[in-house]
Amino acid sequence: MDKPKAVIIGAGFTGCATAHDLALRGFDVTVVERGPIANGTSGRTHGLLHSGGRYAVDDQESAVECIEENLLLRGLVAECLEQNGGLFVALDESDLEYARRWVQSCERCNIPVEQVDVKQALAWEPNLTSKILAAYTVPDATFDPLRLALTFAATAQTNGARFRLFTEVEGLIERNGAIRGVRCQERTTGKSSELYADCVINATGAWAGKIAQMAGDATIVVKPTPGVMVAYDQRLCNRVINRLNEPGDGDIIVPQRRMVVIGTTSFEVDEVDYIPVFEDQVQMMRECAIQLIPAVAATRQRGAFMAARPLIGSSASGRSIARTFKCFDHQETHGIGGLVTITGGKATTLRAMAEKTADTVCAKLGITAPCQTREYPLRSYREFRGSDAYQ
Amino acid sequence: MSEKWSLHIEVQRQKGKEQPHFDRFDLEISPEATVLDAVEMIWAFKDRSLCFGHACHHSTCGACGMRVNGVEKLTCITLISEVTQNGGTLRLQPLRNLPVISDLVVDLTPLYHRMAEVKHPSVHPVEENEGVASQQIAQAGKSNNPYTRLADCIECGLCISVCPAAMTSPAYIGPAVLAGAQLAVVMDEHVCAIVDTQNGVWRCHSAYECSEVCPSHVQPAQRIMQLRRHLLSQRIRRFFGLQSLHQRKQ
Amino acid sequence: MNRIFQKPGNAIQWFDPRGRQLGYLAFILNRITGMGLALYLLLHLIMLGKLAQGPQAYNSFIETVHHPVFIFGELLVIFAALIHGLNGLRIILTSFGIGVEKHKPLFTVLMIAALVSGVYFAARMIAR
Ligand SMILES: Cc1cc2nc3c(=O)[nH]c(=O)nc-3n(C[C@H](O)[C@H](O)[C@H](O)COP(=O)(O)OP(=O)(O)OC[C@H]3O[C@@H](n4cnc5c(N)ncnc54)[C@H](O)[C@@H]3O)c2cc1C
Ligand code: SF4
Ligand code: FES
């Protein structure tokens, strides 16, 4: 029998990880991406491999998924990680109040947290504000965004998946109430082409609503909600520094190479192809960063950037196959076959998201093939072959 | 909102096998925006067929290198105000000495492959003297610091684009790769065989321009000199029948 | 490792100093003086070849090279040799790991030395 054909739209974390998973399950995979790898939200992340601590109180399911995937990825993608752990620090009474609930929740989620002496925390991180009242260690890590995506892409490519970069999907091919492929345009040559598939997977993140619309499914409304991040020109800490309170603006500082990156905010926009960086938000990030690491005040800003999360309109969210991210079989939402949309989630959980999506695709096509991505060793990101990915 | 500059942006274009030419776009943009912002705006609002490389927008991925008015820049951290003035012109071209895919994008994967060959570590221990003496040519992995971090080199290819030796000798493995070899934790026979050759460390013509354009503290030229010193001292040792340094280390 | 980065034939771009730093200037100077010296060597060999054609041919040749244009040319050769040689010294030193961090001041000092000694030779030649 011929291999089942899958076309994945979008080569962000989600698309690359799904390509890897489906390639291992024997699919003939083609990833169609309108730009280079990870040019959307994936490239522009904080780079925090979450321990789950951030979600332990409000969203335990996500927290559990984060810690599981965090520990798994440490072994799989060590090449793109700074594995130095993280600290949650309390600065005021309300933080201390929150800490009690937080510690309990972390225990319930199996996130190994440990309270450390304030003196010890300051000895580890001398640039941390001396005003801290309490500190806890968590197994956070930093990842290199492009290289994390490339690692999955390179492995998928080695296993036969094809990447078609700079190729924009402009329409879906529909036959008898089912999506049977995509119409696309190569930006490098201006040529148009068509690709056929047994299943099309829409992994376009904040743009997922537009592809759903191409299929005539208006039930999936994606409201892009961007956030700002600011990078400073010195490695002021070695561990990730988290403010110990409800998730809020500017509460995470992530060290990366010789920089630290602070983030983030959240607001809604309509258009995501270009999101300007708002100076007042950059200023606010700086103030938040100085609260945690006063030395930021004297450090040059290196870059400021925006990335958009996909916020899914409430009418559709109830139908999602998974709760920690959004996965829709359009057969169920709108009676269209051959199309699965996956969006939301976190970089940290890319493998788990891919696993659930691939399960859904397999179930749809009546294929039984177990997921192998938990143990399958990944190739080096450096093995990705541009010569096969650019037209 | 804040002040806007009006700029003329000339972008080198190339689709398929056609000859490169320039397209001109007029753009209103804040001087505090980056050159990459300008390129992304052209794509978003003026010409959807424009191809350019980018991912992280904060100098950690190395995908956004271009020549801005002839000089290699990491465009995501290069402010408009650093490279032009109100009413000015920006001429954007792809990097040289790497295969151009289209418009402003080059294929950096050949560079990745070479970095793998010389075993450049992508993660290494944080140097003891980090920040204090960043000028010093340290070797990766030579520290007992318990923390690790991603390496300096972001594999952006700026140094290859600017290098006059890479311009005329396509087989030259280039500054980033030589710096990568110098940073390799063990310089074994395999790495030596790549580096200690005509198209390796001896091809460099000491223009030092790689260190001038490197946006990420690598100082490839200095590392090339360090490599030469290492290789020369090994040759001298061999001449006198002494053990070579890397044999001794193993 | 056999991927080709680009087509050769860009040598003209070697000499474009726009937006470049001191080290690149050194590179350009070294190229130009190197090519000049190679050309001179060729002429020199041709001149020596005249010797084989007998004393007459050689003497008449020597006559013509006393023309000021040739004297100027000879001055250029001296400057080129000094610049190329001293710059070469810098490259040798830095290849041994000496003065790598100070390659720019090293270049400046050596070029001043080249200029001073060049002027000295020029003065002597003109005085003769
Ligand atoms: C501000 C911010 C900070 C974050 N920080 C973290 C963090 O620190 N840690 C963490 O774990 N997670 C983080 N996340 C979450 C994480 O970044 C996202 O979950 C993840 O990047 C989503 O990846 P994706 O592949 O679904 O989407 P994207 O990366 O956006 O990929 C979608 C791709 O589809 C392509 N595309 C769109 N339309 C088309 C078309 N018509 N044809 C072809 N291709 C198309 C786009 O070019 C794009 O590359 C953060 C998110 C935000 C917004
Ligand atoms: S050495 Fe510097 S310029 Fe060269 S590829 Fe690495 S980071 Fe870029
Ligand atoms: S976009 Fe990543 S380095 Fe500029």
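Residues numbered from 1 in each chain as written. Chains lettered and ligands numbered in written order. Predicted model: local features only at pLDDT ≥ 70, side-chain atom pairs only at ≥ 80, totals over all residues. Heavy atoms only, no water.

### Brief notes about the sheet that holds strand S2 (residues 21-29) of chain B
Residue and element names in this part refer to chain B. Strand order in this open sheet of five strands is S2-S1-S5-S3-S4, and the pairing throughout is mixed. Looking at strand neighbours, the two that pair on one side only are S2 and strand S4 (71-74), the edges of this open sheet. The sheet shows a mean angle of 35° between the axes of neighbouring strands, taken without regard to direction. Pairing analysis gives two bridges linking strand S3 (residues 65-68) to strand S5 (residues 89-93), with the strands arranged antiparallel. Bridging across to S5, Arg67 finds its partner in Gln93. Along the sheet, helix H1 (residues 35-46) contacts strand S1 (5-13), S2, S3 and S5; its crossing angle with S2, the most-contacted strand, is approximately 100°. (Pairing = 2+ DSSP bridges. Helix = DSSP H or I, 4+ residues; strand = E, 2+ residues; numbered from the N terminus. Axes fitted to C-alpha atoms, helices over the stretch in contact; angles between N-to-C directions. Contact = heavy atoms within 4.5 Å.)

### Observations regarding the side chain of Asp37(B)
Its place among the elements puts Asp37(B) in helix H1. For the buried Asp37(B), no salt bridge exists, and the shortest N-O distance to an oppositely charged side chain is 6.7 Å, to Arg44(A). Polar contacts involving the side chain of Asp37(B) include one to the main-chain amide nitrogen of Thr34(B), which spans 3.0 Å. In contact with Asp37(B), other than residues within four places in its own chain, are Tyr274(A) and Ile29(B). (Buried < 20%, exposed > 50% of the residue type's maximum accessible area, 1.4 Å probe, protein only. Lys, Arg positive; Asp, Glu negative; His and termini not counted. Salt bridge = Lys/Arg side-chain N within 4 Å of Asp/Glu carboxyl O. Polar contact = N/O pair within 3.5 Å; in protein donor to acceptor, adjacent residues only side chain to side chain.)

### Concerning the interface of chain A and chain B
By a widespread convention, an interface's size corresponds to the accessible area lost as its parts come together. Counting residues at the interface gives 53 residues for chain A, matched by 53 residues for chain B. Summed over both sides, the interface of chain A with chain B buries roughly 4,400 Å², with 52% coming from carbon and sulfur. On the chain A side of the interface with chain B, the three residues burying the most area are Arg258(A), Tyr274(A) and Arg382(A), jointly 21% of the side's total. Between chain A and chain B we count six salt bridges in total. The closest approach of N and O atoms between Arg147(A) and Glu155(B), which form a salt bridge, is 3.0 Å. (Buried area = accessible area lost by both parts, 1.4 Å probe.)

### Things to note about the site of ligand 1
Residues and elements named next belong to chain A. Residues in close proximity to ligand 1 total 37 residues, the closest being Thr14, Glu33, Ser42, Thr45 and Thr348. At 2.7 Å from an oxygen atom of ligand 1 is found a side-chain nitrogen or oxygen belonging to Thr14. Arg34 is positioned with one of its backbone polar atoms (N or O) 3.2 Å from a nitrogen atom of ligand 1. Relative to its unbound accessible surface of 990 Å², ligand 1 loses 95% to contact with the protein. When contributions to the shell around ligand 1 are tallied by element, the ones reaching two or more residues are helix H1 (13-24), strand S10 (167-175), strand S14 (222-232) and strand S18 (301-312). (Near = heavy atom within 4 Å. Areas by Shrake-Rupley, 256 points an atom, 1.4 Å probe, with all protein chains shown as cover.)

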